[in-house]
Amino acid sequence: MTATKMMALQPRPAVEQMGEYHPQLHGRYGLRLDFNEHTVAPSPRVLDCLRSLTADDLTKYPEREPVERIVAQHFGFAPDQVMLTNGVDEAIHLLTEAFLDPGEEAIIAVPTFAMYDINAQARGAIVHDVLSDQDFAFPINAVMERINERTRFIPIASPNNPTGAVVSPEQILSIAAAAPQAAILADEAYYHFHGETLFPSIGSLPNLFVTRTFSKVYGLAGLRLGLIIGPSEAMRFVRKVASPYNVNAVALACLPPALEDEEYVQWYVEEVRYSRELLDDTLTELGVPHWPSHANYILMRIGDRHRELVSVMRARGVLVRDRNTDPGCAGCVRMSVGTREHTQTGITALRETLREMQWRSPK
């Protein structure tokens, strides 16, 4: 018998060709101002909840729906409009799974969160990256011009990461109206630091979805909790492609007390807004080019010595994020803000680093 030649296992072409997103999470020691996390802790009520968990809570499969009803009531929606996810990353994945076929098109204004592009590529979609204006204003006209009958997915982050720029609700609604065949995602991960939302428009258009995260202002990044809200009929398809146990029991137990402590959330929002203004003023004083931000970070342009600044800051015990490879962000570094105390520590390290580097503003 002639031996048949065995075929080697191959990935789908779309997976082989897609980009990768590997955030540098290892060795993050010191003050973490690199990933826009909460710089202190979640509400004390969350910590009390963690201490009260029993073995029984951990040995049974998690029930997402009871907590979704609590979330829906908290935000003023019907339960069938709301779904909890394993971070906003999963929400993006589910939208592309539900509504984006291979060969169809996605339109993404860049620079922005890399997972939009990666999930669209993984589906085998044709991705049209539209570069934002020089001041990082949302390129509304260029996006509208790209829309055609094959457009199926348009994600829009407001405030945007890494720039901190915002997109008006009117612009997002105009895009949703212009592309009724496409899933329009308004990603409001940094909503609390800006205050403008599309929640009132949910249900007014059949293709508009909003996502929120509980990683930032609620301080639950380690529990991986996200939220997607959309029209009831469309959400039925999002649920169909989701695992029934996608959110773990510990996260589900901790979310209600986190939502209840609105005073703690408001305290942290005020700390971040004060800190953001403080960092903005400091960068202006130091002559560091930067952009206005509506989130809990500011993007600054350091120039050719961006890697050196990140390295020296790390040596001083403060982590910041190099964004040089993002479209339009050559020489840029992003610095998060948190409490006033933590932000002041970061600013002190930045001053000392720029002085040590004998840095001069790039032309």
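Before reading further, recall that the structure is shown in the block above.
Heads up: these notes are all about the structure in this document. Being a predicted model, the structure only gives us computed values, none of them experimental. (Residues numbered from 1 in each chain as written. Predicted model: local features only at pLDDT ≥ 70, side-chain atom pairs only at ≥ 80, totals over all residues. Heavy atoms only, no water.)

To continue, consider the pattern of salt bridges. Per the counting criterion, the structure on display carries 19 salt bridges. A salt bridge links R212 to E188, with the shortest nitrogen-to-oxygen separation between them at 2.9 Å. On the criterion of sequence distance, the pair formed by R212 in strand 7 (residues 208-213) and E188 in the loop between strand 6 (183-187) and strand 7 is long-range, its members being 24 residues apart. With respect to burial, R212 and E188 carry one shared label: buried. Between E285 and R351 there is a salt bridge, with its nearest N and O atoms 2.8 Å apart. Linking E285 in helix 11 (residues 262-286) with R351 in helix 13 (residues 340-357), this pair joins segments that are 66 residues apart in sequence. Judged by relative accessible area, E285 falls into the exposed class, the value being 54%. (Salt bridge = Lys/Arg side-chain N within 4 Å of Asp/Glu carboxyl O. Helix = DSSP H or I, 4+ residues; strand = E, 2+ residues; numbered from the N terminus. Buried < 20%, exposed > 50% of the residue type's maximum accessible area, 1.4 Å probe, protein only.)

Strand pairs in the sheet, formed through backbone hydrogen bonds, run parallel or antiparallel to each other. Taken in spatial order, the 3 strands line up as 9-12-11 in an open sheet, and their pairing is antiparallel. Of all strands in the sheet, those bounded by a partner on one side alone are strand 9 (297-301) and strand 11 (321-322). Of the strand pairs in this sheet, strand 9 and strand 12 (residues 332-336) are connected by 5 bridges, and their pairing is antiparallel. What sits directly across from M300, in strand 12, is V333. Here helix 11 sits on the sheet in contact with strand 9 and strand 12, set at roughly 15° to strand 9. (Pairing = 2+ DSSP bridges. Contact = heavy atoms within 4.5 Å. Axes fitted to C-alpha atoms, helices over the stretch in contact; angles between N-to-C directions.)

Tallying each qualifying case throughout the model produces 0 disulfides. Cysteine C49 shares no disulfide, and the gap to the nearest cysteine sulfur, in C254, comes to 4.1 Å. Overall, C49 belongs to the buried group, its relative accessible area being 13%. Between C329, a cysteine without a disulfide, and C332, which holds the nearest cysteine sulfur, the sulfur-to-sulfur distance is 4.9 Å. Relative accessible area serves as the criterion here: at 0%, C329 is assigned to the buried category. (Disulfide = S-S within 2.5 Å.)

A word on the environment of V333. Here V333 shows up in strand 12. In this structure, the C-alpha to C-alpha distance between V333 and D322, residues 11 residues apart in sequence, is 4.6 Å. Setting aside residues no more than four positions away along its own chain, V333 makes contact with I298, L299, M300, I302, H306, L309, V310, V320, R321 and R323.

Per the stated rule, a full pass over the model turns up 10 aromatic pairs. Where Y61 meets Y245, the ring centres are 4.4 Å apart and the plane angle is 20°; that geometry is what we call stacked. In this pair, Y61 sits in the loop between helix 3 (55-59) and helix 4 (64-75) while Y245 sits in the loop between helix 9 (232-240) and helix 10 (249-260), placing the two residues 184 residues apart along the sequence. Note on Y61: relative accessible area 61%, which makes it exposed. (Phe/Tyr/Trp six-rings, centres within 6.5 Å; stacked < 30°, edge-to-face > 60°.)

Our next topic: unusual backbone geometry. Glycine aside, a negative phi is what most residues show, and trans is what most peptide bonds show. Cis geometry marks the peptide bond from V110 to P111; its omega dihedral reads 5°. Looking at the element boundaries, P111 is found in the loop between strand 3 (105-110) and helix 6 (114-122). Unusually for a residue other than glycine, N36 sits at a positive phi of about 60°. Position of N36 among the secondary structure elements: in the loop between strand 1 (31-32) and helix 2 (44-52). One non-glycine residue with positive phi stands out, namely R224, at about 55°. On the secondary structure map, R224 appears in the loop between strand 7 and strand 8 (226-229). With a relative accessible area of 30%, R224 lands in the partly exposed category.

Turning our attention to helix 10. Considered for burial, the residues of helix 10 that qualify are A251, L252, C254, L255, P256, P257, A258 and L259. In the core, the buried residues of helix 10 are packed alongside helix 2, helix 4, strand 2 (82-85) and helix 11.

With that out of the way, let us pick up the packing of helix 12 (residues 306-315) against helix 13. Viewed as axis vectors pointing N to C, helix 12 and helix 13 meet at an angle of 125°, and their least axial separation amounts to 9 Å. The angle between helix 12 and helix 13 falls in the class oblique. Pair helix 12 / helix 13 crosses with right-handed handedness. Together, E308, L309, V312 and M313 of helix 12 and G346, A349, L350, T353, L354, E356 and M357 of helix 13 make up the contact between the two elements. For the contact of helix 12 with helix 13, the per-class residue count stands at 7 nonpolar, 2 polar and 2 charged. (Parallel < 35°, antiparallel > 145°, perpendicular 65-115°, else oblique. Left-handed = near helix turned anticlockwise from the far one by under 90°. Nonpolar A, V, L, I, M, F, W, Y, C, P; charged D, E, K, R; others polar.)

Mapped onto the elements of the fold, N207 is located in the loop between strand 6 and strand 7. The buried category is assigned to N207, whose relative accessible area is 5%. A polar contact is formed between the side chain of N207 and the backbone oxygen of A182, at a distance of 3.0 Å. Contacts of N207, omitting those with residues within four sequence positions, involve A176, A179, P180, A182, A183, I184 and P231. (Polar contact = N/O pair within 3.5 Å; in protein donor to acceptor, adjacent residues only side chain to side chain.)

Its location among the elements puts I302 in the loop between strand 9 and helix 12. Considering only alpha carbons, one finds I302 and P362, 60 residues apart in sequence, at a separation of 6.8 Å. Once residues within four sequence positions are removed from consideration, I302 is found in contact with V288, L309, G331, V333, W359 and P362.

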